[in-house]
Amino acid sequence: MRARRTRAAACLLGLLLLAGCASSPDLKQVSLPVPQPSPAPKPTAAQRENARILASYGGAYENPKLQSLIEQTVAKLVAASERPELKYRVTLLNSPAINAFALPNGSLYVTRGLVALANDKAELASVLAHEMGHVIARHAAIREEQARQAAIISHVVSDVLTDPNAGALALAKSKLTLASFSRAQEFEADGIGVGMSARAGFDAFGASRFLASMQRNAELRSGQTDPRAIDFLSSHPGTADRVKNALANARQYSAPGGGIRDHAEYLDDLNDMVYGEDQSEGFVRGRRFVHPKLGFTFTAPPGFTLDNTAQAVLGLKEGGGEAMRLDVVSVPAEQPLTAYLKSGWMDKVDPASIEDITINGFPAATATAGGDNWSFRIYAVRFGSDVYRFIFATKSKSAQIDRQFRDSVMTFRRLSLQESSQIRPLRLQIVTVADGDTPEKFAQQMAVPDRALDTFRVLNGLGPNDKLTPGIKVKIVVE
């Protein structure tokens, strides 16, 4: 800026001298305007929604091979669509959720969790074509105003107190809320998508296979996490009628077995991709949660299943009678944690229950809180510059349950450098089935804490009685 003003003044002096001025100009009297920076343009609705989606789904997953696969698939579909002039931009999201959606401007989003669940190019194409079908039919424009209002919902404990019917599940809902398409719009997008996939040369039955896989995956997860958590099936209803409709649409184009599937080539592109949580958000390993980047770990009480979201670690005990939440907040260093517990961030805290404690060398405080249907034990632990909040909830308060909550929070500790370096995300490994291999045999190699056989079958699109054929490729989960 300063150099520009100096050059301008020098040019002015030169012009004045060339004009034959007898006296030297008084540069102090020369007033040059200072350029002002243009105000930054306000983000559009699509840009705001894009930023919201990236924040909620872990950002973009950087994998050139998979990105190329998806973009090539979209290009084939566009060429075969009723609206080949439309432009699409695809983002692969770094999330284990099974989800895909579109914005009115043609921005398509697909999670790596969905890509991992698909088993061939036709299944992936069916999902992308379905979302493109919404854009072509302008369904996305219809719900744009609702989607604009979507936000990351992080329920606080007071939701449980005011919503006894939701119970512990209210603690476990912390997802991006997107307005659902109507049943008629879903069927219309299915029809457009199946036709587009078939004309592009893909196996038209990919949609029905993938819908079946999503249904089995939902059944597998139903006992592990909040059944109302948003995923592809809850924003894109996966009913038996929809599968039946997809099959009927496919039969209009070809018999089963026709069209591109490229099972082996598709799985090769999936080899070594991250499965489950990303390292930046920590990992669930059974009842244990480990965050190598932040450097801590803890273990949930017996019987709990953990779910790691972008906003909190959520836990639910089988049967739904107990729940927990761990999140992080900023509390001024000079504010005592006992004072923080009674500062009003949570209702109905019993002042007489507040006490200072120490957890593995870290200053902490604890208290109890009550409600009509739930009782709470809360902890605040100062770890580094942040404070970690443990919120335990139970419908049946007892000394034994309170002791289990205390035992759990006492497992909160700092990870050693060696531990942090040894913890890595799970990954998909593609292997070839040999003679004598069975789903049970591969399940023993799966690095998942629960229901390894069911997970192997769902991940590979296998029904409960399906056998393996030697020579085919399958996905297993490894550390």
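Just so we're clear, the structure is a prediction, and the values are computed from it rather than from any experiment.

(A) Looking closely at the overall build of the chain. The secondary structure content of the chain amounts to 18 helices and 17 strands. When each of the 479 residues of the chain is scored for burial, the buried share is 48%. Long-range contacts, defined as pairs at least 24 residues apart, comprise 66% of the intrachain contacts of the chain with a sequence gap of at least 6. For the chain, the exposed surface amounts to about 22,800 Å²; the carbon and sulfur share of it is 52%.

(B) Main features of the sheet that holds strand β3 (residues 107-111). Across the sheet, three strands lie side by side as β1-β3-β2; this open sheet has mixed pairing. Only two strands of the sheet have a single partner each, and these edge strands are β1 (89-93) and β2 (100-102). Recorded for the sheet is a direction-independent mean angle of 15° between the axes of neighbouring strands. Pairing geometry for β1 and β3, over five bridges, is parallel. Residue leucine 92 lies in a different strand from β3, and its bridge partner there is valine 110. Contacts from helix α2 (residues 45-56) reach β1, β2 and β3 within the one sheet, and its direction differs from that of β1 by about 25°.

(C) Inspection of the sheet that holds strand β15 (residues 413-414) at higher detail. Across the sheet, which stays open at both edges, the four strands sit in the order β5-β6-β7-β15 with antiparallel pairing between neighbours. Across the chains shown, the open sheet's two edge strands, defined by having one partner strand only, are β5 (283-285) and β15. For strand β7 (residues 296-299) and β15, the ladder comprises two bridges, and the chain directions are antiparallel. Its bridge partner lying in β15, threonine 297 is registered against arginine 413.

(D) The pairing of strand β11 (residues 355-359), seen in detail. In the sheet, β11 pairs with strand β12 (residues 362-370) via five bridges, with the strands oriented antiparallel. Along β12, the bridge assignment pairs glutamate 355 with threonine 366. Where β11 folds back onto β12 in an antiparallel hairpin, the turn is made up of two residues, including asparagine 360, whose phi is positive at roughly 50°.

(E) Region of the structure containing the confidence of the model for the chain. Looking at the chain as a whole, its pLDDT mean stands at 81, while 79% of the residues score no less than 70. Across residues 146-179, where pLDDT falls below 50, the model places 82 contacts with residues more than four positions away in sequence or in other chains.

(F) Broad picture of the side chain of glutamate 277. Mapped onto the secondary structure, glutamate 277 falls in the loop between β4 (274-275) and β5. Although buried, glutamate 277 forms no salt bridge, and the nearest oppositely charged side chain, arginine 285, lies 4.4 Å from it. Engagement of the side chain of glutamate 277 in a polar contact is seen with the backbone nitrogen of valine 284, the distance being 3.0 Å. Excluding anything up to four places from it in sequence, glutamate 277 contacts Pro96, Arg112, Gly282, Phe283, Val284, Arg285, Asn308 and Pro425.

Cut-offs used in this document
- Residues numbered from 1 in each chain as written.
- Predicted model: local features only at pLDDT ≥ 70, side-chain atom pairs only at ≥ 80, totals over all residues.
- Heavy atoms only, no water.
- Helix = DSSP H or I, 4+ residues; strand = E, 2+ residues; numbered from the N terminus.
- Buried < 20%, exposed > 50% of the residue type's maximum accessible area, 1.4 Å probe, protein only.
- Contact = heavy atoms within 4.5 Å.
- Areas by Shrake-Rupley, 256 points an atom, 1.4 Å probe, with all protein chains shown as cover.
- Pairing = 2+ DSSP bridges.
- Axes fitted to C-alpha atoms, helices over the stretch in contact; angles between N-to-C directions.
- pLDDT = per-residue confidence, 0-100.
- Lys, Arg positive; Asp, Glu negative; His and termini not counted.
- Salt bridge = Lys/Arg side-chain N within 4 Å of Asp/Glu carboxyl O.
- Polar contact = N/O pair within 3.5 Å; in protein donor to acceptor, adjacent residues only side chain to side chain.

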